[in-house]
Amino acid sequence: MVKLCKEKKAESGCFRMPSKDGGSVLYFFDDDLLIHTSKTCHVTRVTNLKTKKKCVLKFMREREQYDTEIRMRQLGGADGEQQLSASCVVQILEWHVFTPKELQQRADSCGSRTPKATAIRDFGCHVVVMERGERDLADIIAHDLIAGVDLTKVQSIGRSLAECLLILEQHKRTHGDTKPRNAMEFRQIQTIDLDASAHYGELAGLKWSSAFAPPELAALIYEYEYEPLPQAKRAPWTQYLQELPKEKQVRASATFDVWSFGMVMYSLASYEGAMPFL
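The structure contained in this document is the topic of the report that follows.

Rules of the game
- Residues numbered from 1 in each chain as written.
- Predicted model: local features only at pLDDT ≥ 70, side-chain atom pairs only at ≥ 80, totals over all residues.
- Heavy atoms only, no water.
- Pairing = 2+ DSSP bridges.
- Helix = DSSP H or I, 4+ residues; strand = E, 2+ residues; numbered from the N terminus.
- Contact = heavy atoms within 4.5 Å.
- Axes fitted to C-alpha atoms, helices over the stretch in contact; angles between N-to-C directions.
- Buried < 20%, exposed > 50% of the residue type's maximum accessible area, 1.4 Å probe, protein only.
- Arc of directions from axis to C-beta.
- Phe/Tyr/Trp six-rings, centres within 6.5 Å; stacked < 30°, edge-to-face > 60°.

Observations regarding the sheet that holds strand S10 (residues 183-185)
Right, so step 1: Taken in spatial order, the 3 strands make up an open sheet running S8-S10-S11, and their pairing is antiparallel. Edge positions in the open sheet fall to strand S8 (135-136) and strand S11 (189-191), since each of these has one partner strand only.
Right, so step 2: In terms of strand pairing, S10 meets S11 through 3 bridges, oriented antiparallel. The residue bridging Glu-185 from the neighbouring strand is Ile-189, located in S11.
Right, so step 3: Lying on the sheet, helix H6 (residues 151-170) is in contact with S10 and S11; it crosses S11 at an angle near 35 degrees.

Right under this line is the structure:
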């Protein structure tokens with residue numbers, strides 16, 4: 001009984017993730033805040049209790065995006081777990097699909113009304129653990145006032161991001177959602193969030209950010225968003241793309257990321273990170 005009480009106390013404010021070796025890892029929530037929240041995911045800061053490594057937990061709503069996040073990092077091999085170079089993309093350390101009951105148990109350990117408990121309990125059963133960077137490029141643009149001013153720094157960031165996209169290109173896959181929020185600062189810039197990634201020739205645009213979408217995808221987004229049918233009667237976006245005539249479908253290719261990269265560089269080179277066409 002004493003041992004059980006100690007174990008429960010140790011797990012208070014923590015999240016237990018199954019590990020790849022068959023055991024489990026405890027991650028301590030660094031605060032009650034979510035560092036990112038959107039329609040597709042919630043992200044919060046954690047620390048590995050054993051190694052003290054700084055990480056993030058990403059709770060994902062859609063199983064398809066969760067599978068893509070993992071699959072597009074993998075390069076095959078005997079165990080299927082060799083990932084793209086860490087110089088290109090932030091590494092996934094653990095991943096797991098939980099049952100609703102398992103999530104509820106983990107939410108209860110955090111306090112039922114905190115933002116992180118809401119993310120755990122209500123958002124989704126698909127969870128990945130990733131290395132934590134210092135901050136993303138959107139934060140750098142907003143707070144460091146380098147856009148259109150410190151062109152040496154802009155050039156350095158642009159080179160690092162281009163090298164990341166080149167590695168993806170060498171493996172015949174797109175990032176699919178290149179934008180400042182998806183470029184993370186470590187010792188150099190690395191990409192995050194491959195849940196919109198695709199192999200060359202596959203259907204692209206299943207997830208998008210309109211300000212950085214290439215013209216061929218932006219045209220489809222416009223048609224979909226301004227379709228005269230009421231929102232409730234429209235097909236879901238993924239179904240809409242899949243049912244398009246083949247000549248209108250957008251397929252993954254190197255040009256997809258090149259346009260988005262150009263929009264990122266425009267925002268860096270222009271004063272205060274302004275975006276064109278908006």
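After presenting the structure, the write-up continues.
Let's talk about helix H3 (residues 100-108)
Right, so step 1: The set of residues buried in H3 consists of Leu-103, Arg-106 and Ala-107. Buried residues of H3 fall within an arc of 100 degrees about the axis and therefore sit on the same side.

A closer look at the packing of aromatic side chains
Right, so step 1: Tallied over the full model, the rule gives 8 aromatic pairs.
Right, so step 2: Between Phe-15 and Phe-59, the aromatic rings sit 5.6 Å apart at their centres with planes inclined by 85 degrees, giving edge-to-face as the arrangement. A residue pair is termed long-range when its members are at least 10 positions apart, and Phe-15 in strand S1 (residues 14-18) and Phe-59 in strand S5 (residues 54-60) qualify at 44 residues. This pair shows no difference in class: Phe-15 is buried, exactly as Phe-59 is.
Right, so step 3: A centroid spacing of 4.9 Å and a plane angle of 55 degrees characterise the contact between Tyr-224 and Tyr-240, whose relative ring orientation is tilted. In this pair, Tyr-224 sits in helix H7 (residues 215-225) while Tyr-240 sits in helix H8 (residues 237-242), placing the two residues 16 residues apart along the sequence. In this structure, Tyr-224 and Tyr-240 share a single accessibility class: buried.
Right, so step 4: These aromatic residues form a ring-pair network of at least three members: Phe-15, Phe-29, Phe-59 and Phe-98.

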